[in-house]
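One-letter residues, chain by chain:
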Amino acid sequence: IIGNSTQLVVMSGIFGMITVIVSERRMGTLPQLTICPTNNVIIFYGRSFVMIFDGLTSVIAGFAAGGLLFHIDFSNVKWLCLITTLIITSFSVSALGLLLGMMGLIGTDLNLLLNIALSVLLVLCGVNFPVEEFPTAVQFLAQLLPLKHGLMAVRNIFEGQLDNVLHYLGLEALVGGCYMIIGYFMFYYVERMAREKGTLSLE
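This section reports on the structure supplied with the text. Bear in mind the structure is a predicted one, so any value in this text is a computation, not a measurement.

What follows covers the side chain of E172. Structurally, E172 is set in helix 9 (residues 165-197). No salt bridge is formed by the buried E172. Its closest oppositely charged neighbour is K148, at 8.6 Å. Once residues within four sequence positions are removed from consideration, E172 is found in contact with I88, T89, S92, P146, L147, K148, H149 and G150.

Structure below.
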């Protein structure tokens, strides 16, 4: 219940960010946005905020449904700590969505990128079974993915073990920050490539 409820932020975070970026191209507003003298990455994040918020509410609904169906006691959960953890995890996941969205502007098969990302995060981040069951190389790869550390923090919160939560949140924020930086530079790479090709629509 905890794993599958928490991973709902992945769908909203990644899909929301990709949808915002691709919609700008499809509706013809990407050229105007590109030449606008503002930080476009912040604009993309601002427009995807609703999807991120939707992901957070979906997670809470998942916890509530799990509690009703399986009679789980959530009375000892520190909800403020949990909400903070989910926000940081959602940021981390949406940072990956930013990177994938930029890659999607170069290519055409965004559905493939989205499905691969969702499948990899679902399998490798400990949603339904422990990451420790994987080979060492795969465990190392899982450490580099968003959601993994955030999910560990969520599990610790539900178990009442708050000592390691800050550690996991720091790692999750670090992973998200790295994807944010890579996505940020990817945006300007795509922008420069579009200018060289003479089409800001990137079609």
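All right, on to the packing of aromatic side chains then. What describes a pair of aromatic rings is the distance from one ring centre to the other and the angle between the planes of the rings. Applying the stated criterion to the full structure yields three aromatic pairs. With a centroid separation of 6.0 Å and 90° between ring planes, the pair formed by Y184 and F185 is classed as edge-to-face. Taking the relative accessible area as the measure of exposure, F185 reaches 55% and is therefore exposed.

This part covers the packing of helix 5 (residues 79-106) against helix 6 (residues 110-124). Their axes nearest at 9 Å, the elements helix 5 and helix 6 cross at an angle of 155°. Judged on the interaxial angle alone, helix 6 and helix 5 are roughly antiparallel. Considering the relative orientation of helix 5 and helix 6, their crossing is right-handed. Mapping the contact onto sequence places L96, L100, M103 and G104 in helix 5 and L110, L113, A117 and L121 in helix 6. In terms of residue class, the contact of helix 5 with helix 6 is made up of seven nonpolar, one polar and no charged.

What follows covers helix 8 (residues 148-158). The buried fraction of helix 8 amounts to nine of the eleven residues, a majority that puts the element mostly inside the structure. Among the residues of helix 8, those classed as buried are K148, H149, G150, L151, A153, V154, N156, I157 and F158. G160 sits one or two positions beyond helix 8 and adopts a positive phi of about 75°.

A separate point is helix 2 (residues 8-26). In this model, helix 2 (19 residues) spans 26 Å end to end at C-alpha, consistent with the 27 Å of a helix rising 1.5 Å per residue. Counted residue by residue, helix 2 has 14 buried out of 19 residues, so it is predominantly covered. After helix 2 finishes, the residue G28 shows a positive phi value of roughly 80°.

Moving on: the nonpolar core. Residues V10, I14, L82, L121 and L147 are the most contacted members of the largest nonpolar core, which totals 49 residues. Once residues lying within four places of it in the same chain are set aside, the contact partners of L121 are V10, I14, L96, V127, L145, P146 and L147.

What follows is about unusual backbone geometry. Even without being a glycine, L147 presents a positive backbone phi close to 85°. Within the fold, L147 resides in the loop between helix 7 (136-143) and helix 8.

Turning next to the environment of C125. Position of C125 relative to the elements: it lies in the loop between helix 6 and helix 7. Overall, C125 belongs to the buried group, its relative accessible area being 2%. It is 9.8 Å that separates the C-alpha atoms of C125 and L144, two residues lying 19 residues apart in sequence. The residues contacting C125, other than those within four sequence positions of it, are V120, V131, L145, P146, L147, K148 and L151.

A few words now on the side chain of S92. Its place among the elements puts S92 in helix 5. Within polar-contact distance, the side chain of S92 engages the side chain of E172 at 3.1 Å. Setting aside its immediate chain neighbours within four residues, S92 contacts P146, E172, V175 and G176.

In this section: the packing of helix 5 against helix 8. Where helix 5 meets helix 8, the axes come as close as 9 Å, and the angle between the chain directions of the two elements is 170°. Considered as vectors, helix 5 and helix 8 are oriented roughly antiparallel to each other. Residue-level inspection shows C81, L82, T85, L86 and T89 of helix 5 in contact with helix 8, the latter providing G150, A153, V154, I157 and F158.

Criteria and thresholds
Residues numbered from 1 in each chain as written. Predicted model: local features only at pLDDT ≥ 70, side-chain atom pairs only at ≥ 80, totals over all residues. Heavy atoms only, no water. Helix = DSSP H or I, 4+ residues; strand = E, 2+ residues; numbered from the N terminus. Buried < 20%, exposed > 50% of the residue type's maximum accessible area, 1.4 Å probe, protein only. Lys, Arg positive; Asp, Glu negative; His and termini not counted. Salt bridge = Lys/Arg side-chain N within 4 Å of Asp/Glu carboxyl O. Contact = heavy atoms within 4.5 Å. Phe/Tyr/Trp six-rings, centres within 6.5 Å; stacked < 30°, edge-to-face > 60°. Axes fitted to C-alpha atoms, helices over the stretch in contact; angles between N-to-C directions. Parallel < 35°, antiparallel > 145°, perpendicular 65-115°, else oblique. Left-handed = near helix turned anticlockwise from the far one by under 90°. Nonpolar A, V, L, I, M, F, W, Y, C, P; charged D, E, K, R; others polar. Expected span 1.5 Å × (residues − 1). Core = buried A, V, L, I, M, F, W, Y, C linked by side-chain atoms within 4.5 Å. Polar contact = N/O pair within 3.5 Å; in protein donor to acceptor, adjacent residues only side chain to side chain.

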